[in-house]
Amino acid sequence: GMEMRGTVRNVVEFGAFIDIGMESDGLLHKSKTPPRTTLQNGQVLQVKIEKVEQGAGKGGKTRISLAMAPKSSVVTIDD
């Protein structure tokens, strides 16, 4: 899938919703993150789109499944 940078918008029990600049946020399931990875709101990650399902999300929204991009964990941005 396509790789892109995304920002953690909401951390939930089963993973995190990532703002990837599309209409719907992508879901990064905790099974798709390296062990002992802790995600926090506002964190910037390199992710890749695994699957896009039109109308499969809440209220008929597009559901976008994400995975952490290989060889790139958390992207740190120096202020």
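Procedures and definitions
- Residues numbered from 1 in each chain as written.
- Predicted model: local features only at pLDDT ≥ 70, side-chain atom pairs only at ≥ 80, totals over all residues.
- Heavy atoms only, no water.
- Helix = DSSP H or I, 4+ residues; strand = E, 2+ residues; numbered from the N terminus.
- Buried < 20%, exposed > 50% of the residue type's maximum accessible area, 1.4 Å probe, protein only.
- pLDDT = per-residue confidence, 0-100.
- Contact = heavy atoms within 4.5 Å.
- Pairing = 2+ DSSP bridges.
- Core = buried A, V, L, I, M, F, W, Y, C linked by side-chain atoms within 4.5 Å.

Caption draft 1: Molecular detail of the environment of M68. Take M68: it is sitting in strand β5 (residues 63–68). Assessed through its relative accessible area of 11%, M68 is described here as buried. Sequence-wise, M68 and K48 are 20 residues apart; in three dimensions their C-alpha atoms are separated by 6.2 Å.

Caption draft 2: Geometry of the confidence of the model for the protein chain. Considering every residue of the protein chain, the mean pLDDT works out to 86; 89% of them sit at 70 or more. Strand β2 (residues 15–19) holds the highest mean pLDDT among the elements of the protein chain, 96, whereas strand β6 (residues 74–75) holds the lowest, 51. A low-confidence stretch, residues 75–79 (pLDDT under 50), is modelled with six contacts involving residues beyond four sequence positions or located in other chains.

Caption draft 3: Region of interest: the pairing of β5. In terms of burial, β5 is a largely internal element, five of the six residues being buried. As defined by bridge partners, strand β4 (residues 44–53) adjoins β5 across six bridges and the pair is classed as antiparallel. By the bridge assignment for β5, K48 is matched with A67.

Caption draft 4: Geometry of the nonpolar core. If you look at the biggest cluster of nonpolar residues, it comprises 13 residues, and the most contacted ones within it are I18, I20, L28, L45, V47, I49 and L66. Those elements giving two or more residues to this core turn out to be β1 (3–12), β2, β4 and β5. Excluding residues within four positions of it along the chain, I49 makes contact with G1, M2, M4, I20, M22, I64, S65 and L66.

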